[in-house]
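Chain by chain, the residues run as shown.
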Amino acid sequence: MQPPPELVRTAHARIACDGASDIPGGAALGHPRVFLQIDETGYVDCGYCDRRFVLIGGPADGADQSKLPDHPAGASV
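If you're wondering where the values come from, they're calculated on a predicted model, not measured in any experiment.

A. Molecular detail of the environment of Leu-36. Among the structural elements, Leu-36 can be located in strand 3 (residues 34-37). Once the C-alpha coordinates of Leu-36 and Gly-47 are considered, the two residues, 11 residues apart in sequence, prove to be 9.5 Å apart.

The following block contains the structure:
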């Protein structure tokens, strides 16, 4: 398994991803905004851009991310 392209640590279990929030040019270069819910695993992956969101203090925080399986569940528009 490869590590996700980008890791974002967050204090919130429900987050939004548009794939371009930190890219110059903004949303035109990203993907549709999706809302993701981090569950008991402590992380969730965006189904569009593979960005991984890890809950600070959760079970996946500080873990070897390359050992964790993809977890795109919980995406909603």
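B. Spotlight on the pairing of strand 3. Residues Val-34 and Leu-36 of strand 3 are buried on one face, while the alternating residues Phe-35 and Gln-37, pointing to the opposite face, are not. Bridge count for strand 2 (residues 14-17) against strand 3 is 4 bridges, and the pairing is antiparallel. Opposite Ala-16, over in strand 3, you have Phe-35 as the bridge partner.

C. The side chain of Asp-45, seen in detail. By the element assignment, Asp-45 lies in strand 4 (residues 43-45). By relative accessible area, which is 4% here, Asp-45 ends up buried. A polar side-chain atom of Asp-45 sits 2.6 Å from a polar atom in the side chain of Arg-52.

D. Representation of the sheet that holds strand 4 in the model. Strand order in the open sheet made by the 3 strands is 1-5-4, with mixed pairing throughout. Of all the strands in the sheet, just strand 1 (7-10) and strand 4 have a single pairing partner and so form its edges. Across the sheet, the mean angle separating the axes of adjacent strands is 20° when strand polarity is ignored.

E. Broad picture of the nonpolar core. In this structure, Ile-15, Cys-17, Val-34, Leu-36, Ile-38, Val-44, Cys-46 and Phe-53 together form the largest nonpolar core, which totals 8 residues. Every element with two or more residues in this core is listed here: strand 2 and strand 3. Here Cys-46 is in contact with Cys-17, His-31, Val-34, Leu-36, Arg-51 and Phe-53, once residues within four sequence places are set aside.

Here is what the cut-offs are and how they apply
- Residues numbered from 1 in each chain as written.
- Predicted model: local features only at pLDDT ≥ 70, side-chain atom pairs only at ≥ 80, totals over all residues.
- Heavy atoms only, no water.
- Helix = DSSP H or I, 4+ residues; strand = E, 2+ residues; numbered from the N terminus.
- Buried < 20%, exposed > 50% of the residue type's maximum accessible area, 1.4 Å probe, protein only.
- Pairing = 2+ DSSP bridges.
- Polar contact = N/O pair within 3.5 Å; in protein donor to acceptor, adjacent residues only side chain to side chain.
- Axes fitted to C-alpha atoms, helices over the stretch in contact; angles between N-to-C directions.
- Core = buried A, V, L, I, M, F, W, Y, C linked by side-chain atoms within 4.5 Å.
- Contact = heavy atoms within 4.5 Å.

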